[in-house]
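Here's the letter readout for the chains.
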Amino acid sequence: MDVATENKGYTLGLKNRETGQDVSKVYMKPMALYVPAVAAAAVATLARTLGEARGSVVLTVTNNNNGVSVDKDFATLEDATDETNAADAVKALINIVRGYDDDDEHNVCGW
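Remember, predicted model here, so these are calculated numbers, not experimental data.

Cut-offs and rules
- Residues numbered from 1 in each chain as written.
- Predicted model: local features only at pLDDT ≥ 70, side-chain atom pairs only at ≥ 80, totals over all residues.
- Heavy atoms only, no water.
- Helix = DSSP H or I, 4+ residues; strand = E, 2+ residues; numbered from the N terminus.
- Buried < 20%, exposed > 50% of the residue type's maximum accessible area, 1.4 Å probe, protein only.
- Areas by Shrake-Rupley, 256 points an atom, 1.4 Å probe, with all protein chains shown as cover.
- Salt bridge = Lys/Arg side-chain N within 4 Å of Asp/Glu carboxyl O.

A. Broad picture of the overall build of the chain. Assigned secondary structure in the chain consists of three helices and four strands. When the helices and strands of the chain are placed in sequence order, the string is β-β-α-β-β-α-α. Put simply, the chain has 111 residues, and 38% of those count as buried. With an accessible surface of roughly 6,200 Å², the chain has 49% of that area assigned to carbon and sulfur atoms.

Pasting the structure below:
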């Protein structure tokens with residue numbers, strides 16, 4: 001790994017499809033989001049910041065080092081903040097984003 005490469009982390013975001021309002025947080029050590037309680041709490045925090053959301057919402061994970069971003073739609077904010085749904089979705093999205101790394105030596109997020 002090139003030590004001169006700066007770790008830009010992963011961004012976890014939540015967006016209200018109806019209003020376009022979105023919130024996000026950067027995680028410099030995204031492997032912590034593999035812990036179901038941590039992932040569920042992170043999504044719940046974003047949801048509280050987003051406020052009341054009617055209609056569908058989208059949960060997004062972006063690797064800030066290479067720009068790869070994936071998302072998952074939920075019919076309601078309540079579906080997105082369900083602890084099991086949130087934990088499973090965050091883990092799945094991170095795994096997809098990590099799959100796009102061109103090689104393990106280039107991954108600068110601590111994995």
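More follows now that the structure is in view.
B. Just the pattern of salt bridges, in detail. With the rule as written, the count across this model stands at one salt bridge. The partner of D73 in a salt bridge is R17, and the shortest N-O contact between them spans 2.8 Å. Of this pair, D73 sits in strand β4 (residues 69-74) while R17 sits in the loop between β1 (10-16) and β2 (22-27), and the two are 56 residues apart along the sequence. Its relative accessible area of 45% is what places D73 among the partly exposed residues.

Remember, this is a structural readout, not a statement about activity or role.
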